[in-house]
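Commentary on secondary and tertiary structure
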Amino acid sequence: MHNILLFLPLFAAPEAQDFNNDGYADLAIGAPDDTVDGVQWAGSVTVLYGSASGLTAAGADYWHQDVPGIQGVAEQNDNFGAALAWGDFNGDDYDDLAIGVPNETVDEYILAGIVHVLYGSANGLSATGDQLLRLDDPGMAGDLGYSAHYGASLAAGNFNGAAGGYDDLVIGMPGATVYGEIDAGRVHVMYGSPGGLSTSGDVVWNQAQASPGQTVEWGDGFGSALAAGHFNADGYADIAIGTPLEDVGSLIDAGLVQVLYGSSQGLQPGSTQLWHQNMPGILDSAEAYGAFGTALAAGDFDGDSYDDLAASAPSEDLDSGVVNAGAVNVIYGSAAGLSSAGNEILIQGSGLQGVAEAGDRTGLAVASGDFDGDGYDDLAVGSPYETVGNVLAGAVQVARGHVGGLWNGSEYNLLPGIGSDVGQNDRFGAALAAGDFDGDGQDDLAVGTPNEDIGATQQAGEVEVFYGPAGSAGHDVWHQATPGGGAAFGAALSN
């Protein structure tokens, strides 16, 4: 069925991604190219709240920088909502939402970027206490930079094990210039507190600071992707940082993932692991322009209580000569952390359903969730340039977890068009998010299709939600009440 969002003015406004703590997961949807008050590409975020019947338009929020009580002003090309992450930053049992605005100009610094934080309450997210993070704030560890794109990626987790359950936030700025190297990238770590995210103990790292022995280089894009998980047995959340344009030896833009482990003092650079496709024991081999680390997801795919890491290489060429087919490497956790033991590589036709074709770009988005309620996390993999019939519409493959890991012969595909049109370049699967939106004990899957046409409105975007395995428990299609041309609704989803 189709659902139309009815937006009301906003004057105020346990379970994962639960902004109102009612026991049902909620979903934030970014439309970073949305026109706001006549301002193009200012961006907006819609929040749908869960219920016994799934996501509902009742009480839906529509957030942007011109909403009363929100700091800032909607400006052209800000791209509010380009990245989203949730966590309980103030420990009040209501989840909060971090919103990346990576193209915001700050003072004279063009495309410096900022992050908004909206705090949860019994009534959901609220403008009350809205927090605006920018690197020239008093007490911040870092400083502003041109084209840093602060907020281009976000991830939350309790990295220092704070007793109050305060989640912390990692903010990527992959365009940051470091030591004169343009687009080298940095990340900013802020820790939670009773008052929310705090400058106390915050730190900004470049690639060399995060991983002793690494070299800062032009165009690496350190911080382009982030994923938080518990990869070892110490109880502290850890962070994986994607650097997809890192050169591996002489292989240009082969890609690298750096993992920092949490501790009572927070994330520690001395604990860093480096992963790439030329690591001993890792299946496949690095190749130029493979872009390993473009998308990341953490989940316990083999049910051993340690999170595992899925890292995609969407520009991977296959040995058969299929170019840009895409692949996903899966590295498994253990008591001691991530290990090459038992690692897998998933491609269409081998670990994922379908047939690998040139240009599919499998792995441009990944998300984990227990979609069948069997206690093992599953992995959803987006192939937004997959051809469906004769149309370049996009598809999503789901690999089911089990005791041996993901590759177990029970994979399935999700295709667009159940209640919506299949159109050229729709990019179904460009963004993915999981959550138990109807509270039935099984995670559901939200799939962003940011280039979907809504009626005569081109590239307005929509989000399809599949309940239960492969949509067996229902299916919804969501778009804005008044779709905006080129809004890219669904380009980012909270996960």
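Our structure is the block above this text.
In short, a report on the structure. (Residues numbered from 1 in each chain as written. Predicted model: local features only at pLDDT ≥ 70, side-chain atom pairs only at ≥ 80, totals over all residues. Heavy atoms only, no water.)

A word on the environment of Leu251
Secondary-structure assignment places Leu251 in the loop between strand 14 (238-243) and strand 15 (256-261). As a C-alpha pair, Leu251 and Ala286 span 35 residues in sequence and 7.5 Å in three-dimensional space. What Leu251 contacts, discounting residues up to four positions off in sequence, is Glu246, Asn278, Ala286, Glu287 and Ala288. (Helix = DSSP H or I, 4+ residues; strand = E, 2+ residues; numbered from the N terminus. Contact = heavy atoms within 4.5 Å.)

Some details on the packing of aromatic side chains
A ring pair, where both rings are aromatic, is described by two values, the distance of the centres and the angle of the planes. Summed over the entire model, instances satisfying the criterion amount to two aromatic pairs. Ring geometry for Tyr109 versus Tyr146: centroids 4.9 Å apart, planes at 50°, classification tilted. One end of the pair, Tyr109, is in the loop between strand 6 (96-101) and strand 7 (114-119); the other, Tyr146, is in the loop between strand 8 (126-133) and strand 9 (153-157), with 37 residues separating them in the sequence. Residue classification places Tyr109 among the partly exposed residues on the basis of a relative accessible area of 24%. For Tyr146, a relative accessible area of 47% gives the class partly exposed. (Phe/Tyr/Trp six-rings, centres within 6.5 Å; stacked < 30°, edge-to-face > 60°. Buried < 20%, exposed > 50% of the residue type's maximum accessible area, 1.4 Å probe, protein only.)

Examining the pairing of strand 12 (residues 198-206)
Inspection of the sheet shows strand 11 (residues 186-191) paired to strand 12 by five bridges, in the antiparallel sense. Bridge pairing in strand 12 links Arg186 to Asn206. Taken together, strand 11 and the strand that follows it, strand 12, pair antiparallel across an intervening segment of six residues, in which Gly196 is found at a positive phi of about 100°. (Pairing = 2+ DSSP bridges.)

Some details on the sheet that holds strand 9
Taken together, four strands build an open sheet; the order of strands is 9-10-11-12 and the sheet is antiparallel. Lying at the two open borders of the sheet, with one neighbouring strand each, are strand 9 and strand 12. Across this sheet, the average inter-strand angle for adjacent strands is 20°, counted without regard to direction. In the sheet, strand 9 pairs with strand 10 (residues 168-173) via five bridges, with the strands oriented antiparallel. Paired with Ala155 across the two strands is Val170, which belongs to strand 10. (Axes fitted to C-alpha atoms, helices over the stretch in contact; angles between N-to-C directions.)

A word on the pairing of strand 26 (residues 395-399)
When you tally the buried positions in strand 26, you get five out of five residues, the bulk of the element. Of the two faces of strand 26, both are covered, the one formed by Ala395, Gln397 and Ala399 as well as the one formed by Val396 and Val398.

Any link to function would need more than the numbers given here.
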